[in-house]
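Listed below, chain by chain, are the residues.
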Amino acid sequence: MTPRPELLAPAGNNESLIAAVENGCDAVYLGATTLSARASAANFAPDELASAIDYAHLRGVKAYVAVNTLIKDSETADAAALLRHLDESGADAAIVQDIGLLSMVQSLAPDLPIHASTQMTVHNSEGAGFLQDMGVTRVVLAREMTLDEIKQVKQNTDLEIEIFVHGALCISYSGQCLMSSMIGGRSGNRGVCAQPCRKRYRLQTGGRRVETDGEYLLSPRDLNTSRILPELIEAGIDSFKIEGRLKRPEYVACVTRIYRGLIDRYVKDPSGYFVTDDESRSLAQVFNRGFTAGYFTGNPRGELMSRRRPYNRGIPVGTVIGCDRTRLCIRLSGTLRTGDGIGVTGAAGVGAEGDGGGEGAGADDGGSGTIVRQMYAGGRQVDHAGSGTVVDIPLTSPDAQVRAGSTVYKTLDKPLMDSLRSSFTSPAPLRRIPVTITAEAAVGSPLGLRIEDNDNNAAHVHSEYVIERAVSRPTTREEIVRQLAKLGNTVFEASESDIDLRTEGGGDIFIPVSQLNRVRSDAVSRLTDARIAGWRRGARTRHRHDRSADAAGIIQTTEPRAQVADTSKRSSSAVSLAVSVSSMDGVRSAVAGGADVIYLGGERYRGGCVEAEAFDLETVIRYVHQSGRRIYLNTPGIASDSQMRGVADAMSKAMRFGVDGVLVSNHGVFRLAEEIGLDRIVDSPLNVFNRMSLRFWAEHGAGRVTLSPELTLAEIRKIAKYGAVECIVHGRITLMESEHCVVGGILGGVDSCTAPCEDGGFELVDEKGYAFPLMMDMDCRMHLLNSSELCMLEHIPAIVRAGVSSIRIEARVVESDRAGEITRLYRDALDGCSARDGKIQSTCKGITGKYTTGHYRRGVL
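Just so it is clear, the model here is predicted, and its values are computed rather than measured. Position numbers for residues start from 1 in each chain and track the written sequence from start to end. In keeping with the model being predicted, local features are shown solely for residues with a pLDDT of at least 70 and side-chain atom pairs are shown and tallied solely at 80 or more, while totals for entire chains, interfaces and linings include all residues. Heavy atoms from the whole structure form the basis of all side-chain values; hydrogens and water molecules are not counted.

This paragraph deals with the environment of C791. Only DSSP runs of H or I with at least four residues qualify as helices, and only runs of E with at least two residues qualify as strands; both kinds are numbered from the N terminus onward. In this fold, C791 is placed in strand 41 (residues 789-791). The spacing of C791 and H730 is 61 residues in sequence and 4.7 Å in space, taken between C-alpha atoms. Those residues in contact with C791 that lie beyond four places of it in its chain are V729, H730, Y826, C844, I847, T848, Y851, T852 and T853. In this analysis, two residues are considered to be in contact whenever any of their non-hydrogen atoms come within 4.5 Å of each other.

Here it is, written out as C-alpha cells:
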C-alpha cells in the first residue's frame, strides 16, 4: 500500500491557521510571539497558542510549535514557561534548534515530543542518530540533501523524517548563516534575518567585475516539488512541509489545497498521477520567484537561482507596447481583470519588489504590484480582457523605466484570491467531522442523545424535559432526525442517524423543537470538549514537571555555588592559544609564534590565497608533540553520509598517530568521534549560545566548547563560569556555507562544472562596496567569508578576565608567514596580561587593514 505522508502547513497567524486546516492539512506548525524563527510573523500569544492548538485538535489536525531560535541565558525562564504551557496545552511537538533547549524540554516536559528544526543542520545519518539518542522523535532534514541521502537517513534511524516540499529557500545551510547577523546585528539564528541574500551583489576577481545574468547572485528560486511528488512519497518520507509562516493566508490556502489534492491523487492511483495546468498556474500565481525542484534529484547548479528578480514575479500576462505619463499600453497574452495586480520587468514603480526568504530567514507575503483600477479596450472601459487584446491602463505614478517590449506580469489574480479567501472566512466550515447520531425517545422519559465520531470520542446526554404523549401534532421520527442533524456551522456533520422511538401503550410522542435543539447543542458541546480533552497533558504531568525542573535546576536564575567555577581571576597563563591552520607550513609558523594548540585540517579550499595542501599527518602530529604542543584534527562542518566514511578514516588514522583529539562542527562527527574514542572539542557551527548548551556538551563528553560568535563579551563572561569555553578572536569568520557555488553556477558551464574557482580570488561585492571573499572547498561547497577580519588583539585582557579557557586564531585562509606573525602578537598579548601594567603594545590597525570586533560589544537581536 502506498504510504500517505503527513501534509504540514504553516500558520503565521490565525487566518493562516484556518486557511491551512480548512484546505486539508494534516498538521500545522506555528510559533509563539517569542523564541520563534519567524519573529516578524504575527505569531500567537500564550493564550492564543492554546486556542490555536484546540482549534486544530478539534478538527483532527496536529499542532507543532516552533521554539526554534537560539536562547539567551536571560530568556531561560521565559522559555521554561513557554514549554510548560505547550505541554499543558497539548501541543503535539516542540520544534527546537538550541541543543540546550532540547535538554530543557526533556526536563520540564518529558511527554512533549521534540522535533529537530532544519536550523540544527541535520544532514547525515550519524547526526540524525545522535539526536535520536537524545530523545528527538523527528528531524527536519537540510534542504540540500538528495533523495538518496534522505533515504539513507530513513533506513539508518527510527526517526520520523520531515522535508520541505514547497516555498522559499535559503542559499546557506540553515543554522549556518551569520551574514545578516554580522552585517546588521539581525541574527537568522534568532528569527530576525534581514535577508542579505535577496540584495544586489557583483562578482569580481582580481578587482575586475565578472559579467552576470542578473545582480541577485545569492537569491534562490522557490521550491516546487509537485512534479516529483511521487518519488518523495515512495521514499517513505513521513512529513511534507510547506514553507510560509510569513506568507499571506491566501498563499497558505492555495498551496495546502493543491498539495492535498496531489498527495491524495497519487495514493489513490500511483500510475495515473498528474499535475493539471490549472494547479501549476495557481502555484505560480500565488507566489513564485521562478521554481526549482531543489537538490532532491541532484545539484541544480545555476538553475537554482533567481538572479534577475528576488521577489514575487507572478505569471506573464502581456507585453508593453507603449507608455507615457498617463497610461500603460499592453498587448495581453492572458486574461486581465480590474482588481488584478501587475508588475513590469525592470520597472520599480509598476509592480512591487518585496523581499522573501526561507525557514531561517524572514519572508514576504508577495506584494500585489500595481492594482488595476481601470482598464480600456478599443476606447471603452472594460472590467476584463483576454489574450490578444490591447488594453490601456491609467497610471497614477508613471515610471520612466518602463520600455516597450517589457514583459508584464500578473502579480495578483483577484478571482483566485477571492476564492481562496472564502475558504477561510466563510462561517460554514469546509472541513467537517462525520458523526453518528443515536437517540432514544419514549413517553415519560428524558430524551437520550449520543453523538460519536470515528475516533471513538462520544457525548451522551439526556434532556431535562420529560417526553409527553402527543395531544394534537405528534413529533415524527423524520422530524427528530432532521432537527438533530442540523449541526449548522459546527465542525460536525451527521453521517448516520439511528432513532429508537418507543411508543409503548399506544399513541404518539411530542418533543418541542426547542428541546431537540437544546439537547443537540449540549451533546455537540460535550463532544467538542471530548475531542480536545484527549490532547491535554497538563493535569496529568504538571506535578512531575515541577519536581523534575527543580531537580535539574533548569529555570533557576543562579546555579548552586558548588557548580560555579570562579573564572574571573583566571591567569593568562591558564588560557590556551589555539591556531587553526591547513598546511605544514602553517603548523610550523603557528608553533614558532607561540601557539599552545594546533587545529589542523577542516575543509580544504580550492584556489584563493592558500591552496589546499596534502600533508603527512603522522609527521605533523610528531612535530607538534615534539614541540610540546597539542594538536587536534579539524573536521568539516558539512559531511554527507558518503563523505562521513572519509571523515571516519581520517579520525581513525589520526588516533593511531596519537592526535590529541578532534574539533567537531556537526552532530554526526561528534557521535562518530565518540565511537572511535577520541577527545572532542565542539566548534562554533554547533551554535552554543547559553550555559544549558554548554552543560549539554560537557555532559556528553566535550572537553571544551567553542562559543557562538554572536555572543557579547558580557554574555560570554556569564557562560564561562560553567565550563571550559573557547572564543574565536581573530580571522575571517565564515558567514555562510552553501551547497550552491556562485562561481561555478555562473562560469562553470552547463553540463558539468569546469571548476573556474581553481583560479581563485573571487569575491562578492555588495551595494555599499564591501567585498566578501568566496572560498570553494574540494567538495564544491561555497564558503562566504566576512568582508573584514575579526581582531580582538586590544581586548585580550578583558577576554581573559571573562574566564575563557582558550582563544583561537582562524588562519586557514592566511599565508603561513602572516599566520606566524599574528600568532606571535596574540602570544605577546596573553603574556602581557601577566605583566604589571597589563597593556597591549600592538594594535589591530598594525596587523590588518579593515577589521571588526564582531559581536563582542554589540551583540545580536
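There is more to say, and it comes next.
Glancing now at the sheet that holds strand 17 (residues 370-371). For sheets, the rule is that strands pair by backbone hydrogen bonds, running either parallel or antiparallel. In spatial order, the strands read 17-16-22-13-14-21-18-19; together these 8 strands make up an open sheet with antiparallel pairing. For this open sheet the edge positions go to strand 17 and strand 19 (380-381), each flanked by a neighbour on one side alone. When DSSP finds two or more bridges between two strands, those strands count as paired.

Now for the packing of aromatic side chains. Whether two aromatic rings pair depends on their centres lying within 6.5 Å, for rings of Phe, Tyr and Trp, where Trp uses its six-membered ring; planes under 30 degrees apart make the pair stacked, over 60 edge-to-face, and the rest tilted. Enumeration over the complete set of coordinates arrives at 8 aromatic pairs. On the basis of an interplanar angle of 70° and a centroid distance of 5.8 Å, the ring pair of F130 and F670 is categorised as edge-to-face. Of this pair, F130 sits in helix 5 (residues 125-133) while F670 sits in helix 18 (residues 667-676), and the two are 540 residues apart along the sequence. Its relative accessible area of 3% is what places F130 among the buried residues. Here Y599 and Y632 contribute two aromatic rings whose centre-to-centre distance is 6.0 Å and whose plane-to-plane angle is 75°, an arrangement assigned as edge-to-face. One end of the pair, Y599, is in strand 30 (residues 597-601); the other, Y632, is in strand 32 (residues 630-634), and 33 residues separate them in sequence. The two residues Y599 and Y632 agree in class, both being buried. Residue exposure (1.4 Å probe, protein chains only): buried if accessible area is under 20% of the type maximum, exposed if over 50%, otherwise partly exposed.

With that settled, the discussion passes to the pairing of strand 1 (residues 6-10). Among the 5 residues in strand 1, 5 count as buried, and that is most of the element. Neither face of strand 1 is left uncovered, since the one carrying E6, L8 and P10 and the one carrying L7 and A9 both have all their residues buried. As paired elements, strand 1 and strand 2 (residues 27-31) share 3 bridges and run parallel to each other. Paired with A9 across the bridge in strand 2 is V28. One crossover worth recording links strand 1 to the parallel strand 2 by way of helix 1 (residues 14-22), and it is right-handed. Every crossover in which the path from the first strand over the helix to the second runs clockwise, viewed with the strands pointing away from the viewer, is termed right-handed.

Moving on, we get to the state of the cysteines. Count a disulfide wherever a pair of cysteine sulfur atoms falls within 2.5 Å. All chains considered together, the criterion is met by 1 disulfide. Left unpaired, C329 is separated from the closest cysteine sulfur, that of C323, by 9.5 Å. The class of C329 is buried, set by a relative accessible area of 9%. In this model C780 remains outside any disulfide bridge; the closest cysteine sulfur is found in C753, 6.0 Å from its own.

To continue, consider the environment of V443. Inspection of the secondary structure assignment puts V443 in the loop between strand 23 (433-442) and strand 24 (446-453). In sequence terms V443 and Q155 are 288 residues apart; their C-alpha atoms lie 63 Å from each other.

Attention now moves to helix 19 (residues 691-699). Those residues of helix 19 lying buried are R691, M692, S693, L694, F696 and W697. Under the rule applied, a polar contact is a pair of N or O atoms within 3.5 Å (in protein, one hydrogen donor and one hydrogen acceptor; residues adjacent in sequence only if both atoms are side-chain atoms). At the N-terminal boundary of helix 19, the capping side chain belongs to N690, with an oxygen 3.2 Å from the backbone nitrogen of M692. Just downstream of helix 19 lies G701, where phi reads positive at about 105°.

In this section: the side chain of N23. By the secondary structure assignment, N23 is in the loop between helix 1 and strand 2. Judged by its relative accessible area of 6%, N23 falls in the buried class. Of note is the side chain of N23, whose polar atom sits 3.0 Å from the side chain of S423. Ignoring anything within four residues of it in the chain, the contact list for N23 reads A253, T256, R257, R260 and S423.

Note that every value here comes from positions in space, so none of it alone points to a role or purpose.
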